[in-house]
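Spelled out, the chains give:
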Amino acid sequence: MEKARDPLTVEFGVNFATYGFPSFSSLLEASVEAEKLGFDALWMPDHLFLPERIYRAVKSTGRRDMLDAWITLAAMAVVTKRVKLGPCVAPIPLRNPAMLAKTIATLDNLSKGRFILGAGAGWFAEEFQGYGVPWDSFPVRIAKMREGITVMKKLWIEASTSHQGRYYRLKDAALWPKPVQKPHPPIWFGGKSDAILEATAELGDGWISFSMTSQKFKEKKFGRTPSEIKPACCLITSVSEDYDAARGLAEYYVANFFGKTLDQVGDFIVYGKPDDCIQNIEHFIKADAVHVALRPMRNEDIPSFLRLYGKHIIPYFKEK
């Protein structure tokens, strides 16, 4: 099988699901193991809770549990040494961006410069409304996201920050210590709308696709090269040495999560034996992805996912 790209340029991340009765200790153990096995980044969703259908997809019903992304990222930063860490992705309009900038600067110091800010405009109205945060129109959420990123950058760079914007105001705000990474931690925008792609081109250092086929991924353009903007794909995976078992889990997950069949959703669902997964991931690398973030479908499958990806799939892409 011919490799599509210089293997040294391909990065792999684990996109942990912090819902569906996750064990906090097992997530930390998996973080350490992922680093040992050659993964380059640890990601996690930033939500307060999620739609019921997502809990059904992971066979978890009765409660809508969700670990806080920022506290969990801090714990992961302490138990690891090399991997990058970040939310995939943080809905910027959900929080005060100045306060979020402080949290991120602290995490970048705690991790010694390993933090990546995955940023978005938010998509789940119920969590905003449930916690008393205004659910604005999409254009307003995009505007809040963009202004929020501007506020954060100013706080990370300037000695003292004042800002009089449409949505946010600061007066002589001090943020110290500054982030370790200069001028600030990388910002990767998540989503597939034209507004997100425009924000990526103007304000970002990377882009993360969601629920997007490799063909659609390849069609997205930013007017900047992969050395300036890292194109990353978020893929959902079911891997097993038993093909039928992997496909069966994928069919159940997709039916509940997306309300569709496997054939209807496209190749961002990666399933089968390790060789099947390699062929699927190749589609995205040929479409110019330089970072592949993988979401195991169930928390209980994380040990086997790490073992099979660490033994067979990551070495295929990384070893010469």
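The rules we used
Residues numbered from 1 in each chain as written. Predicted model: local features only at pLDDT ≥ 70, side-chain atom pairs only at ≥ 80, totals over all residues. Heavy atoms only, no water. Helix = DSSP H or I, 4+ residues; strand = E, 2+ residues; numbered from the N terminus. Rg over C-alpha atoms; globule rule 2.2 N^0.38 Å. Buried < 20%, exposed > 50% of the residue type's maximum accessible area, 1.4 Å probe, protein only. Contact = heavy atoms within 4.5 Å. Areas by Shrake-Rupley, 256 points an atom, 1.4 Å probe, with all protein chains shown as cover. Lys, Arg positive; Asp, Glu negative; His and termini not counted. Charge placed at Lys NZ, Arg CZ, Asp CG, Glu CD. Salt bridge = Lys/Arg side-chain N within 4 Å of Asp/Glu carboxyl O. Pairing = 2+ DSSP bridges. Patch = residues over 30% accessible without salt bridge, like charges linked within 9 Å, V, L, I, M, F, W, Y side chains within 5 Å. Phe/Tyr/Trp six-rings, centres within 6.5 Å; stacked < 30°, edge-to-face > 60°. Lys NZ or Arg CZ within 6 Å of the ring centre and 35° of its normal. Core = buried A, V, L, I, M, F, W, Y, C linked by side-chain atoms within 4.5 Å. Axes fitted to C-alpha atoms, helices over the stretch in contact; angles between N-to-C directions. Parallel < 35°, antiparallel > 145°, perpendicular 65-115°, else oblique. Left-handed = near helix turned anticlockwise from the far one by under 90°. Nonpolar A, V, L, I, M, F, W, Y, C, P; charged D, E, K, R; others polar.

J.: Sorry if this is basic, but what is going on with the overall build of the protein here?
T.: Counting its secondary structure elements, the protein contains 12 helices and 12 strands. Computed over C-alpha atoms, the radius of gyration of the protein comes to 19 Å, within 12% of the 20 Å expected from 2.2 N^0.38 for 320 residues, which places it in the range of a compact globule. Dimensions of the protein along its principal axes, counting C-alpha atoms only, are 60 × 45 × 40 Å. Burial analysis of the protein (320 residues in total) assigns 57% to the buried set. In the protein, once contacts between residues fewer than 6 apart in sequence are set aside, the share between residues at least 24 apart is 72%. Counting only carbon and sulfur atoms, one obtains 53% of the accessible surface of the protein, whose full area is about 13,800 Å². Between the centroid of the 42 positive side chains of the protein and the centroid of its 37 negative side chains there is a distance of 4 Å.

J.: Explanation requested: the pattern of salt bridges in the structure shown.
T.: Between side chains of opposite charge, pairing is possible as soon as their charged atoms come close. Applying the stated rule across the entire model yields 12 salt bridges. Across the pair Lys230 and Glu11 runs a salt bridge whose closest N-O atoms are separated by 2.6 Å. Highlighted residues: Lys230 in strand S10 (residues 230–239) and Glu11 in strand S1 (residues 11–15), separated in sequence by 219 residues. Residue Lys230 is classed as partly exposed on the basis of its relative accessible area of 29%. Looking at Glu11, the relative accessible area reads 23%, which means it is partly exposed. With a shortest N-O distance of 3.9 Å, Arg82 and Asp40 are connected by a salt bridge. Separated by 42 residues along the polypeptide, Arg82 in the loop between helix H3 (69–79) and strand S3 (84–87) and Asp40 in the loop between helix H1 (24–36) and strand S2 (41–44) bring together distant segments of the chain. The network of salt bridges with common partners includes Asp40, Arg82 and Lys318.

J.: How should the environment of Tyr168 be read in this particular structure?
T.: Looking at the secondary structure, you find Tyr168 in the loop between strand S6 (161–164) and strand S7 (169–173). Overall, the relative accessible area of 12% leaves Tyr168 in the buried class. Apart from the residues within four sequence positions on either side, Tyr168 is in contact with Pro93, Pro97, Lys144, Glu147, Gly148, Val151 and His163.

J.: Whenever I open this one, the pairing of S10 confuses me. Can you help?
T.: One face of the sheet, then the other: side chains in a regular strand alternate in exactly this way. For S10, the buried fraction is high: nine of the 10 residues fall into the buried class. Two strands pair when backbone bridges link them, and strand S9 (residues 206–209) and S10 are joined in this way by four bridges, in the parallel orientation. Paired with Ile208 across the bridge in S10 is Ala232. Where S10 lies against strand S12 (residues 291–296), six bridges are found, and the strand directions are parallel. Looking across to S12, one finds that Leu235 is bridged to Leu294. The sheet contact formed by S10 and strand S11 (residues 269–272) spans four bridges and is parallel. Note that in S11 the partner of Val239 across the bridge is Gly272.

J.: Is there a simple way to think about a nonpolar patch on the surface in this case?
T.: A contiguous nonpolar patch, built from Val78, Val79 and Leu110 and spanning about 230 Å² of accessible area, is present on the exposed surface. Inspection of the secondary structure puts Leu110 in helix H4 (residues 97–110). A residue is classified by how much of its surface remains accessible, and Leu110, at 39% relative accessible area, is partly exposed.

J.: Any chance you could explain the packing of aromatic side chains here in plain terms?
T.: Within a pair of aromatic rings, the relevant descriptors are the distance that separates the centres and the angle that separates the planes. This model, assessed by the stated rule, comprises 17 aromatic pairs. Relative to Phe257, the ring of Tyr253 lies with its centre 5.2 Å away and its plane at 20 degrees, an arrangement referred to as stacked. Here Tyr253 and its partner Phe257 are both found in helix H9 (residues 243–257), four residues apart, which amounts to about one turn of the helix. Residue classification places Phe257 among the buried residues on the basis of a relative accessible area of 15%. Chaining the aromatic ring pairs together yields one cluster made of Phe49, Trp123, Phe124 and Tyr131. One cation-aromatic arrangement involves Lys59 over Tyr252; the distance from NZ or CZ to the ring centre is 4.8 Å. Stacked on the ring of Trp135, the Lys or Arg Arg141 has its end atom at 3.8 Å from the ring centre.

J.: Please explain the nonpolar core as it appears in this structure.
T.: The biggest cluster of nonpolar side chains holds 97 residues, and the ones touching the most others in it are Phe39, Trp70, Leu117, Ile269, Ile281 and Tyr309. No other element matches helix H12 (residues 302–318), which puts nine residues into this core. Not counting the four nearest positions on each side in its chain, Leu117 is found in contact with Trp70, Pro87, Ala90, Ile104, Ile149, Met152, Trp156, Pro186, Ile187 and Trp188. Counting 10 residues, the second-largest nonpolar core is a separate cluster that includes Ala41, Ile208, Cys234 and Ala293.

J.: What's the story with the packing of helix H11 (residues 274–286) against H12 in this structure? I'm lost.
T.: How two helices pack is summed up by the angle between their axes together with the distance between the axes. Between H11 and H12, the shortest axis-to-axis distance is 10 Å and the interhelical angle comes to 40 degrees. Judged on the interaxial angle alone, H12 and H11 are oblique. Note on packing geometry: the crossing formed by H11 with H12 is right-handed. Contacts between H11 and H12 pair Pro274, Cys277, Ile278, Ile281, Glu282 and Ile285 from the former with Leu308, Tyr309, His312, Ile313, Tyr316 and Phe317 from the latter. A per-class count over the contact of H11 with H12 returns 10 nonpolar, one polar and one charged.

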